[in-house]
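A structural walkthrough
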Amino acid sequence: MSSPSRRTVLATGSALGGALLAQGLPAPAAAADRDDSTTPDTPGPHHGAPDPWRTVLDDADLVWQRMPTTWYEGPYLGNGLLGSGIYAEPDAPTRAVRFNVQHSEVQDHRPEFGSLFGLARLPIGYFTLEPVGTITAVDWRLGLHDAELTGTLTTDRGTLTLRTLVHTSRSLLAVEVTASPGERGFRWVFHPADAISPRAAFKPLPDGYTGNPPAETGDHDGVRAAVQPLLSGGQHVTAWRETARGDRRTLYAHVAHSYPRTTALPTALKAVRDAARLPYDALAATHRAEWHAYYRKSFLSLPDARIQRFYWIQLYKLASAARRDAPVMATSGPWLEPTPWPNTWWNLNVQLEYWLIHGSNHLELDAVTRALGEFRDNLAKEVAQQYRSDSLGIPRTTDPHLVNGAAGTLTGYGVGIPGQDPPTPEVGNLTWALHNVWLSYRHTMDESILRDVLFPLLRKAINYYLHFLEPGPDGRLHLPATFSPEYGGDTRDCNYDLMLLTWGCRTLLDTADLLGIDDPLAPRWREVLARRVPYPTDANGFMIGADIPFAKSHRHYSHLLAVYPLYEVTGRTPEERALIERSLAHWVGFEGALQGYTFTGAASMSALLGKGEDALRYLGELMSRFIEANTMYKESGPVIETPLSAAQSLHDMVCQSWGGTIRVFPASPDAWADLTVRDFRTQGAFLLSAVRRGGVTRWVRLVSEAGAPCVVRHGIPGAVEVRDGRGHPLRYRTVDDGTLELPLRKGESVLITARGDRPDLTIAPVTPNAPAPRWGLPV
């Protein structure tokens, strides 16, 4: 993606910032591709006031006053590549603490065994911190602001005081331990894992598949290393060293992966030697600075203390698990554990994992756009040979390079061919993934995303459908049988595919117009929109497809994508609204197979309809039934998409910007009488700041980064005043009651208030309605 120069950013930010500060409001955060110029020590909106980011982040810290025993309970650290989950050693919970060491780039390279085995992520191993005595207590805090775990481990022989981080740029695990006299003999032990697909613990092995040989551990001039050779060639290496400075001992550990060459060992040794020259405090200083700048790109505060803490934990989790130059997140992020899902899943998981980056103003974490662009050639290989010249597809599962390698369902799931089975014809996943890319474009208005990634890939993804569309006796265009994730059974005119096909053709036409492309396929795309068979429905709402009604409990909302997230069916008419309400109620009315993301989807669909109470109720169901102590989530194994998508559901309650209109606080439940948002990124590349007090929106500010058309449904009751960044009246056009069209050029801002009102423009956390327990394992 293209990005403005730092000189341009600073010049624009200076002019904008001065005008906004004259209004009493802090300058907007930097764009997603740039560092936030606000430093961690900058005071709050008013000199001497508490820093709002520090306040909400400190309040959201997770605490442990009981020993965590699983991945779902313990602290976790990461930087998108290296990850560590921390909990009691299962075989000796009072004798050792496990610090897992996993890495999102470490995988096998045997495509003949598919993405589930031969290309799976591989477990690396773990360190155990083994005190002298028996563990009797813990008192830990995962400080979000600094992204560090601190606290004490108490034994019957003394205490161990810990400081722990995974450095955001060095990809280094550092653990500093200060021991009391009775615990100075504690030790670290590394335990290499068996380098075999984690799916092996859950499913049969493919014929001929074996695990890789054992790791070889040795000393290399004071640095220990576990070298894991791979049968396919290459290696991954965990290197570590412990250094003493006074009464403090610090463990430094790094993981490197190389394929097909065996260069990981010198890379890992150098990384550890370089880091070990620095005391923990020096590493922490650069680590903290990057995290502080990260958080300041946006701000959200709401009066439900438990949910507000959950939200900020998801922002921490997101930056711990994702970065643009890292692999697209696998189902468990960088924190690999025994799981039947040891790779990247494209029929829902990826899409939900990355929605949060847009509104929170963190496009710097967008690995989806980067990976689809970089590895597009592999997508042609995932469709049948006869379609590869003009079509692309992505199967249900791939490795980080978008390779599936499946020879059958035991090893992975191919794209399939409509009307044929096996393999299961699950053909819409690439188009849905490209919707995420489209969102990245819409939130930045960076045309290079359209030109370089979205248009060429979407053109071929939709072209795959065009091979199979056929007119029926009714004169409409129909699709042969395809598969709707994960309902079971193939059906003609599958809603999953029809909805994605419709969005894809509309988006291709819009994109071609924007880029000035006279595409010879444009008439065909228009024909599809004009003649496509209507979405199959019955008395209960949207069906799975023409042959399969929705008639059993099902966790997935694949049959409802036109409602959310595509916003193709939005309730514009009473009949359409009734269809959405009927479909939603019927879907969630079947208990049995519902899972966490069922309720995040239901919350977002309710928010679309403006039903804040329903959205909050669905989030309550999620929190009480599915979210674990540390805000992680499980379905047979560890998966992380659902909590991240719950944060997006909160976004949908606070702001929506589909269809060219920005909607401010569109689905706020009565309990959320007070809300504060700053630099929430919307479609059209606007940064939104707004405050709601006592159930009334007091002011709305928008900053335009791209000069796109600006239409805002502000929600301020009665007559309004509209002023530019200098405080001068700004002309506007009233679209309807409460909706304005504003003439904002690139770099300009607007402030909307009630007529005659001069509200306090301070950005500050809102007061919680009631106390709530912290996340983690508090007493």
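You'll find the structure just up there.
In this report, the structure presented in the accompanying data block is examined. (Residues numbered from 1 in each chain as written. Predicted model: local features only at pLDDT ≥ 70, side-chain atom pairs only at ≥ 80, totals over all residues. Heavy atoms only, no water.)

**Brief notes about the overall build of the protein**
Broken down by element type, the protein carries 18 helices and 36 strands. Along the three orthogonal principal directions, the C-alpha set of the protein runs to about 75 × 70 × 50 Å. With 779 residues in all, the protein has 62% of them scored as buried. Long-range pairs, those at least 24 residues apart, make up 68% of the contacts in the protein with a sequence separation of at least 6. When the accessible area of the protein is evaluated, it comes to approximately 27300 Å², of which 51% is carbon and sulfur surface. Of the charged side chains in the protein, 76 are positive and 84 negative, and the gap between their average positions amounts to 4 Å. (Helix = DSSP H or I, 4+ residues; strand = E, 2+ residues; numbered from the N terminus. Buried < 20%, exposed > 50% of the residue type's maximum accessible area, 1.4 Å probe, protein only. Contact = heavy atoms within 4.5 Å. Areas by Shrake-Rupley, 256 points an atom, 1.4 Å probe, with all protein chains shown as cover. Lys, Arg positive; Asp, Glu negative; His and termini not counted. Charge placed at Lys NZ, Arg CZ, Asp CG, Glu CD.)

**Regarding the pairing of strand S4 (residues 97-103)**
Among the seven residues in S4, seven count as buried, and that is most of the element. Of the two faces of S4, the one carrying Val97, Phe99, Val101 and His103 and the one carrying Arg98, Asn100 and Gln102 are both buried. Across five bridges, the pairing between S4 and strand S5 (residues 125-130) is antiparallel. Its bridge partner lying in S5, Val101 is registered against Gly125. (Pairing = 2+ DSSP bridges.)

**Re the pattern of salt bridges**
When charged atoms on two side chains of opposite charge get close, those side chains can pair. If you walk through the whole model with that rule in mind, you get 41 salt bridges. The closest approach of N and O atoms between Glu148 and Arg288, which form a salt bridge, is 2.4 Å. Of this pair, Glu148 sits in strand S7 (residues 148-155) while Arg288 sits in helix H5 (residues 280-295), placing them 140 residues apart in sequence. Here Arg288 falls in the partly exposed class, since its relative accessible area comes to 23%. The network of salt bridges with shared partners includes Arg163, Glu176, Arg248 and Asp281. (Salt bridge = Lys/Arg side-chain N within 4 Å of Asp/Glu carboxyl O.)

**A closer look at the nonpolar core**
Core analysis: the biggest nonpolar cluster contains 215 residues, and Trp140, Trp312, Leu372, Trp525 and Ile752 have the highest contact counts within it. Per-element tally for this core: the top contributor is helix H12 (residues 447-466), with 12 residues. Beyond its immediate stretch of four places on either side in the chain, Trp312 contacts Trp53, Val56, Leu57, Ala60, Leu144, Tyr295, Ser298, Phe299 and Leu300. The next biggest cluster of nonpolar side chains, apart from the first, holds 20 residues, and it includes Leu172, Val237, Tyr252 and Ala284. (Core = buried A, V, L, I, M, F, W, Y, C linked by side-chain atoms within 4.5 Å.)

**Here's the deal with the pairing of strand S28 (residues 675-682)**
With eight of its eight residues buried, S28 lies for the most part within the structure. Bridge count between strand S15 (residues 299-301) and S28: three bridges; the pairing is antiparallel. Among the inter-strand pairings, Ser301 is bridged to a residue of S28, identified as Thr676. Sheet topology places S28 next to strand S29 (residues 686-693); six bridges connect them, and they run antiparallel. Each bridged residue has a counterpart across the sheet, and for Leu675 the counterpart in S29 is Arg692. Two successive antiparallel strands, S28 and S29, enclose a turn made up of three residues, where Gly684 displays a positive phi of approximately 90 degrees.

**Structural notes on the sheet that holds S15**
Judged by pairing direction, the sheet is antiparallel, and its six strands sit side by side in the order S15-S28-S29-S30-S35-S32 without closing on themselves. One side of each edge strand has no neighbouring strand; the edge strands of this open sheet are S15 and strand S32 (720-724). The sheet shows a mean angle of 20 degrees between the axes of neighbouring strands, direction not considered. (Axes fitted to C-alpha atoms, helices over the stretch in contact; angles between N-to-C directions.)

**Focus on the sheet that holds strand S12 (residues 223-229)**
Spatially, S11-S12-S13-S14-S9-S8-S7-S6-S1-S36 is the arrangement adopted by the 10 strands of the open sheet, whose pairing is mixed. The open sheet has two edge strands, strand S11 (216-220) and strand S36 (776-777), and neither has a second partner. Pairing of strand S1 (residues 62-64) with strand S6 (residues 135-143), which is carried by three bridges, proceeds in the antiparallel orientation. Pairing of Trp64 across the sheet is with Trp140, part of S6.

**Examining unusual backbone geometry**
When glycine is set aside, most residues are seen to have a negative phi, and most peptide bonds are trans. The omega torsion of the bond from Asp421 to Pro422 falls at 5 degrees, within 30 degrees of zero and hence cis. Here Pro422 shows up in the loop between strand S17 (397-398) and helix H11 (429-444). A cis amide bond links Tyr564 with the next residue in sequence, Pro565, at an omega value of 10 degrees. Here Pro565 lies in the loop between strand S23 (541-542) and helix H15 (574-588). Backbone geometry at Ser171 places phi at a positive 55 degrees, although glycine is not the residue there. Assignment of secondary structure puts Ser171 in the loop between strand S8 (158-166) and strand S9 (172-179). Taking relative accessible area as the criterion, Ser171 reaches 8% and is therefore assigned buried. One non-glycine residue with positive phi stands out, namely Leu402, at about 65 degrees. By secondary structure assignment, the location of Leu402 is in the loop between S17 and H11.

**Quick notes on the environment of Glu337**
As for its position among the elements, Glu337 is in the loop between helix H6 (305-321) and strand S16 (344-345). Along the backbone, Glu337 and Val639 are 302 residues apart, and their C-alpha atoms lie at a distance of 9.8 Å. If near-sequence neighbours (up to four positions away) are discounted, Glu337 is found in contact with Trp71, Tyr87, Asn100, Pro198 and Pro638. Within the structure, the side chain of Glu337 is placed 2.9 Å from the side chain of Tyr87, a separation counted as a polar contact. (Polar contact = N/O pair within 3.5 Å; in protein donor to acceptor, adjacent residues only side chain to side chain.)

**Things to note about the packing of H11 against helix H13 (residues 495-515)**
How two helices sit against one another is set out by the angle between their axes and by the gap between those axes. The N-to-C vectors of H11 and H13 enclose an angle of 40 degrees; their axes lie 10 Å apart at closest approach. Relative to H13, the element H11 lies oblique. Classified by chirality, the crossing of H13 by H11 is left-handed. Across the interface between the two elements, Asn429, Thr431, Trp432, Leu434, His435, Trp438 and Tyr441 from H11 touch Tyr496, Leu500, Trp503, Thr507 and Leu514 from H13. Residues belonging to the contact of H11 with H13 are distributed by class as follows: eight nonpolar, four polar and no charged. (Parallel < 35°, antiparallel > 145°, perpendicular 65-115°, else oblique. Left-handed = near helix turned anticlockwise from the far one by under 90°. Nonpolar A, V, L, I, M, F, W, Y, C, P; charged D, E, K, R; others polar.)

**Points about helix H2 (residues 52-60)**
Here H2 has its buried residues at Pro52, Trp53, Val56, Leu57 and Ala60. Seen from one end, H2 has its buried residues packed into an arc of 120 degrees, which puts them on one side. If you follow the buried residues of H2, they end up packed against S1, H5, S15, H6 and S28. (Arc of directions from axis to C-beta.)

**Things to note about the packing of H11 against H12**
Packing of H11 against H12 brings their axes to within 10 Å, and their N-to-C directions diverge by 155 degrees. Between H11 and H12, the angle falls in the class roughly antiparallel. Of the two elements, H11 crosses H12, and the hand of that crossing is left-handed. When H11 is examined against H12, the residues Leu430, Thr431, Leu434, Val437, Trp438, Ser440, Tyr441 and Thr444 are found in contact with a partner set consisting of Glu447, Ile449, Leu450, Val453, Leu454, Leu457, Leu458, Ala461, Ile462 and Tyr465. Class assignment for the residues of the contact of H11 with H12 results in 14 nonpolar, three polar and one charged.

**Some points on the packing of aromatic side chains**
One pass over the structure, following the stated rule, counts 37 aromatic pairs. A ring pair is formed by Phe190 and Trp240, whose centres lie 4.9 Å apart and whose planes are at 40 degrees; its orientation type is tilted. Here Trp240 lies in strand S13 (residues 235-245) and Phe190 lies in strand S10 (residues 187-192), a separation of 50 residues in the sequence. A residue is classified by how much of its surface remains accessible, and Phe190, at 10% relative accessible area, is buried. Ring geometry for Phe599 versus Tyr618: centroids 6.4 Å apart, planes at 45 degrees, classification tilted. You can see Phe599 sitting in helix H16 (residues 596-608) and its partner Tyr618 sitting in helix H17 (residues 612-625), a full 19 residues away along the chain. Here the two residues Phe599 and Tyr618 agree in accessibility, since each one is buried. In textbook terms, an aromatic cluster arises when at least three aromatic residues are bridged by ring pairs, as seen for Trp53, Tyr76, Trp291, Tyr294, Tyr295, Phe299, Tyr311, Trp312, Tyr316 and Trp335. Looking at Arg617, its charged tip hangs above the ring of Tyr618, at a distance of 4.7 Å from the centre. (Phe/Tyr/Trp six-rings, centres within 6.5 Å; stacked < 30°, edge-to-face > 60°. Lys NZ or Arg CZ within 6 Å of the ring centre and 35° of its normal.)

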